[in-house]
Every structure is written in C-alpha cells, then in structure tokens.
There are 2 protein chains.
Amino acid sequence: MFILDMYIVYLFRLKALMRGDIVLRQILGEIEEELLTLEDDLTYWVDTNIELIRQPLKDMILSGGKRLRPAMVLAASRFGNYDFENVRQLAVSVELIHMATLIHDDIIDDSPLRRGIPSIQARLGKDVAVFAGDFVFCKVFELFALSEHFSLLRIVAKTLHLICEGEIKQREDLFNTNLTFKDYLYRIRRKTAMLFALSAELGARASKAPERTVRALHRYGMNIGIAFQIVDDMLDFSSNDDQLGKPVGADIREGVITLPTIYALKYSNQKNSLKEIIAKGFTHESDVIKAVEIVKNSGGLDYAKRIAEKYVYRAQQSIAPLPDIPMKKVLADISTIVVNRNR
Amino acid sequence: MFILDMYIVYLFRLKALMRGDIVLRQILGEIEEELLTLEDDLTYWVDTNIELIRQPLKDMILSGGKRLRPAMVLAASRFGNYDFENVRQLAVSVELIHMATLIHDDIIDDSPLRRGIPSIQARLGKDVAVFAGDFVFCKVFELFALSEHFSLLRIVAKTLHLICEGEIKQREDLFNTNLTFKDYLYRIRRKTAMLFALSAELGARASKAPERTVRALHRYGMNIGIAFQIVDDMLDFSSNDDQLGKPVGADIREGVITLPTIYALKYSNQKNSLKEIIAKGFTHESDVIKAVEIVKNSGGLDYAKRIAEKYVYRAQQSIAPLPDIPMKKVLADISTIVVNRNR
C-alpha cells in the first residue's frame, strides 16, 4: 500500500513537473522549501477516517496546484517579523479555502477533471462532493480554532462571505449577454481576487508588519488576483484540454460570461450571432466551437491580456514603496508569471 | 413591498401554527419570548445584497422550523449565570449550522419541499443551493469571529467536522442492506445528535455552569438528538406528505437505511423481497410503496419507537442530578415532545 502510494505521489509530481509548476517553484526561492513542508500539512489536514473521501482528498492535494495563495502568505510575512511556524497554519488555511471552493465549483461546472485528474464530483458524484467540500471547509474552521490567530478570524470570515457572494453572483449572471466590464470586475474581485488579497494580508498581519505595508500587500494581492482570474478566463479559450486539465470552452458552455466574451459581444462583427448562440444555451457541441471561434477572432483575448497586464502593473505599483528585501523581487516575479502562464 | 412581506410572514406563521410548532412554543415557557427575538436575528444574519438568494433564505427562516437547537442553548444556559445577550449569538449560530446542512441535504435528497415550502434547491437549482448553503455556513464563521466566544470555537469546529463525516458516512452506507444498529447509531450521532449536544453544551459553558452540569447537559443533548433522529426516520414511513413537508418514503427511495428498515431486514417474513427491492435501487414508484409496506408490517416502527423512548429516558436520566429549576421541567417536556411529534 505504501509503495503504491509513493508511486502515485511520484506520478503526480512528475505530471506537475511536466506542466510547469516547478518553474514557479524556482522563482519562489527561499520559500520553496517551506512550501514543500506545507504539502505534508495539507495532507494531514484533509485526512479523515471516512474511507469514501479519504483517498480522493489526498489525491487532490497530491495532484498539485500552484499553491500561489500559501506562497503569498509566506512571501508577505517576510515584510514583518518573519517566523515560519507563526504563519504556517495561515498558509494552510488559504489553500484549504481554495480547495473547498474548487470542489464545489466542480459540482456546479460539471467538471470531469481538476488538475489533470478526475474531479471529486466525477469520482464520487455530486452528492458526496457537496459534503466533501463542506468537510474541507470545516477544517478551515478547525484550523483557526486551534491556532493563535483569533484576531485574524474576522478578516477571514468577512472574505469567505464575499467569496460566496461572488460565486452566487456568477450564477445570477449566467447567459447574461448584457454583462458589463464593471459587473465582471465585481464578480471576479469577490470570486478570486479577495482570497489572494486575504492571503497577502494574513501573512503581513500575522508577522506584525506596519499597517501601511499590510495595506500595500493587500492591494498587491487584489490586483494579482484580478489579473490571475482574467488570465484564467482567457485560458478557457486559448489553452488546450491537456494544459488546462479541463475541456476548452467549459465556461462559455455553462453560460459564464467572461472578459473576452464581453469584448466580443460588443465589438465582434459577428456579435449578433454570438448573442444568439449564447441565448440558445449551447444545445449542440458545434455551438460551443462556434462561440469560442467568434470570441477568438474578435480580438477579445488580446484585449483581456492588456487588461490583465494593467492589473499586474498595478500590483507591482502597490508594492513599489515597500522595503527592498529579496521577497519583493519574488512578488514581482509572481505577478509576471501570473500573466504569462499557459495553464 | 413591505405589506406583501408582512402578508407572507403572516401566512408562514399561520401555517407553522397549524402544524403544531406552537405547542412546542408553549412548553418552552420563559424562553419563548427570547426565541421570538431570535427570529429577527436569524433574518438579519442571512440577509445579503445578492438578490438571487435574498428572498429564498429569508423565506426559509420565515417558514418556521422547531428551533429546538436554539431552545436548547437558551434552556441549558439557565443552569449557569443566565444572560440572554451572552448566549444570543450562540443560539443563532446553531440554528444557522442546522440551516446550512438542511440546504445541502436537500440537494442530495432532491427534496422538492422543506418545511412545507419549496426547498432552496427546488427554487434555485442545485448549483445555487450549493453556494447558498456555503453562504449560510460562512455566516456561522462570521458570527463567531464577531462574538466573544472564541474559547467555544474549538468545540464548534470539532462538531462541524463530525457532522460532515456523518453526512458522508450516510452516502457510504446507501443501499447497504447489511447495516447494523451500531452503524446506524454511529451515523445519526454524527449527523444529528452532536448538534443537539453542542447546543446544550454551548449554552451551559457560555453561562459558566459547573463542569459536571455542562457534561450532563451535553449528554442530555446527545440522547435527545438520537431519539429525535430515530423519530424523524420513523416519520419517513408513518407520516403523510403534508405533515412531513416532504414525500413519504423519501429516505428509503434514496437508499438511506434507517432503524425501521434495519429491523425489517432482519425480522420481517418478507425480508428477502425487501432486500431484493432495495438492491434493485427503486426504479419503479411501486417498489417504494412495497418497501414502505414491508417495513410498516414488520413491526420495525414499534421497535424504533421503543429505542427512541429508551434514549428519551436516558436524556431524562442525564439531567436528573441537576438543580430543580423550572428549566429542568422544560428540558424534560422537550424530550417527551420529541418522541410524540408527528412531524
């Protein structure tokens, strides 16, 4: 059993390596080793006696992910009195929050794959996936109850609430072809960017960085998060299934209107037929292909890339006044990777 | 809009009255007024700017429910230095935990109704319901973050984790005709009883009752919770759709094996055909009717009733050593109501 486990770990790590996670890891420099320590922590925290979800949750941890949010906690904490043990649980908590939302997202999106392996919902069905996500979420609660960071719980709770609102907003906005850039920004700030901002803030606050620094790092996280989500939404059109670990066009098929589509709906010379296809609700596979094509030809992806770059620039500006410690360079590098990734 | 709202409140309250919630309310005596105050608190806590879920969550509060868990918090707190304001948020928190699990339960069970009105999943679809449940759950997190009860968070977190495990265990046990009474007890302790035990414990601890009293009330809650769930499982067979607010035989149809079925699978003279029907997975409506009939004819309901009464007796024994304050009589009365209810 142990050997089989080790083999699976090896396969997952190999796959992660091939997909370029390691490039990010190298940039992370001095926090890379700590991030590896967190892998064991994550496995520990999702462990359970309930056989049904034990291995699937473990596999989800092993299948990788960029661990950008924990990296942000660790990096931000370097701007205060850095102590790994002091921020370790916070770094775990943001990854667990992320993981819980992914599990529930995959139910909603009907996603067969997550990080290149079958999603929890594909493996165990939507019913179990609902409670598996709840279980991981409970662990966040437990982690804070056991930690020394009660004062930070308020910020975490507030963010969680906004993330949920963002997710529901996304459902409300489905198939809405009148969606504006402002609506989109409102949604992705909540759905994605706030967890990045929270991560940076938690790291900085826990290590008692000055208030100005905390706020700068929060802004950095928010801007990076927005850029990250815009790129994610672009990849839904431009990537291929294998890079993405999920089918191309998955968002638009579900009616999720993202930035490239908003652009195409306004400026494409085929905007009317795009509107029509979306309104019909993608009953045929060919509709998805057609919609993806229209968006790609509209220049929507270039537009989205420019907007993402704008937010990366803002992120870099946010941390410009901070002291020139090596970690500042790492944060700048992370922001560059975020826009240039292909998965 | 306000008048329409008030009318809906009136209709819901009338319906609750007709269904017998008020009988319970009368027994609750001196805490009844406080429970009414909590109704406003609950409405406040589930309020949101996101239109899609705003009214449905509010309606779910308005549609009633027995509020047994908050009642337990309030009643238990009388055994210490009673101060309503001190336990108010705790009473809200246990009802919100209950509400979040109901929303997610209804997704899994495909329930069209909850408390006599359309369930969140029926109203908004399963996708939104996943996040609506998460939203309510986040509120629990927020409530604790804002409260003075950090020391109690650990107990809450631990319980939440066990509740999730109980829910997943229920999925694992589906259609398992070899289920034993012990398996069943393991599941319902987690799924239901622990939240009752938590409620009683929170009330007692927050009001600084002696440790022995806290433990007695915890035991009371656990025993009541077990009895409550057994009766709930009986009602799935014996009640009618209208009393129950959901279709009869809903559990067995989903493959949830409860105490009356466990009895029938062992002692019914039609146990083999019951086993066969369950194994087939209820492809026809007539299979559900047949299974319900076999269980009813087996004496499984009488057996379950006896077991429930045993746990009610245990609950009453648990609080026997406590001081003879009026609230002790209320707790004893609650336990009687739990077994004799018809919905």
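Residues numbered from 1 in each chain as written. Chains lettered and ligands numbered in written order. Predicted model: local features only at pLDDT ≥ 70, side-chain atom pairs only at ≥ 80, totals over all residues.

Undergrad: Explanation requested: the relation of the copies chain A and chain B in the structure shown.
TA: For these two chain copies, the linking operation is a rotation about an axis paired with a shift along it. Each copy of the sequence occupies a distinct position, and chain A is placed on chain B by a rotation of 180 degrees and an axial shift of 0.0 Å, giving an RMSD of 0.0 Å. Viewed as a symmetry operation, the transformation between the two copies matches a two-fold axis. The share of interface residues of chain A whose copies in chain B are also at the interface is 100%, consistent with both copies meeting through the same surface. (Least-squares fit on C-alpha atoms with pLDDT ≥ 70 in both. Contact = placed C-beta atoms within 7 Å.)

Undergrad: Could you clarify how one ought to interpret the nonpolar core in this entry?
TA: Buried together is how nonpolar side chains tend to be arranged in soluble globular proteins. Formed by 217 residues in total, the largest nonpolar core has its most connected members in A132 and A227 of chain A together with A132 and A227 of chain B. Those residues in contact with A132 of chain A, other than ones at most four positions away along the chain, are I53, L57, I103, I120 and L124 of chain A together with I168 of chain B. (Core = buried A, V, L, I, M, F, W, Y, C linked by C-beta atoms within 7 Å. Buried ≥ 20, exposed ≤ 12 C-beta atoms within 10 Å, placed from the backbone.)

Undergrad: So what exactly am I meant to see when it comes to the interface of chain A and chain B here?
TA: Note on interface size: it is often stated as the accessible area lost on association of the parts. Contacts between chain A and chain B engage 36 residues on the former and 36 residues on the latter. Contributions of two or more residues to the side of chain A that touches chain B are made by α4 (51-62), α6 (84-109), α7 (120-146) and α8 (150-172) of chain A. Of the residues contributing to the side of chain A that touches chain B, the split by class is 21 nonpolar, three polar and twelve charged. (Helix = DSSP H or I, 4+ residues; strand = E, 2+ residues; numbered from the N terminus. Nonpolar A, V, L, I, M, F, W, Y, C, P; charged D, E, K, R; others polar.)

Undergrad: Please explain the packing of helix α10 (residues 211-238) of chain B against helix α16 (residues 300-319) of chain B as it appears in this structure.
TA: Two numbers describe a pair of packed helices, the interaxial angle and the distance between the axes. Residue and element names in this part refer to chain B. It is at 8 Å that the axes of α10 and α16 come closest, and there the two elements cross at 165 degrees. What the angle tells us is that α10 and α16 run roughly antiparallel. Between α10 and α16 lies a crossing of left-handed hand. Looking at the contact of α10 with α16 residue by residue, the classes come out as 18 nonpolar, three polar and four charged. (Axes fitted to C-alpha atoms, helices over the stretch in contact; angles between N-to-C directions. Parallel < 35°, antiparallel > 145°, perpendicular 65-115°, else oblique. Left-handed = near helix turned anticlockwise from the far one by under 90°.)

Undergrad: What exactly am I supposed to notice about helix α15 (residues 285-297) of chain B here?
TA: Residue pairs spaced three or four apart in an α-helix point in one direction, given the helix's 3.6 residues per turn. Residues and elements named next belong to chain B. Taking 1.5 Å of rise per residue, 13 residues should cover 18 Å, and α15 covers 19 Å from first to last C-alpha, within 8% of that figure. Of all the positions in α15, only A291, V292, I294 and V295 are classed as buried. Taken end-on, α15 shows its buried residues confined to a sector of 160 degrees, consistent with a single buried face. The outward face of α15, more than 90 degrees from its buried face, is lined by the exposed residues E285, S286 and I289. (Expected span 1.5 Å × (residues − 1). Arc of directions from axis to C-beta.)

Undergrad: Before we go on, may I ask you to explain the environment of L57 of chain A in this structure?
TA: Residue and element names in this part refer to chain A. Inspection of the secondary structure assignment puts L57 in helix α4. Linking L57 and V256, residues 199 residues apart in sequence, is a C-alpha distance of 27 Å. For L57, the contacting residues outside a window of four places in its chain are V46 and A132.

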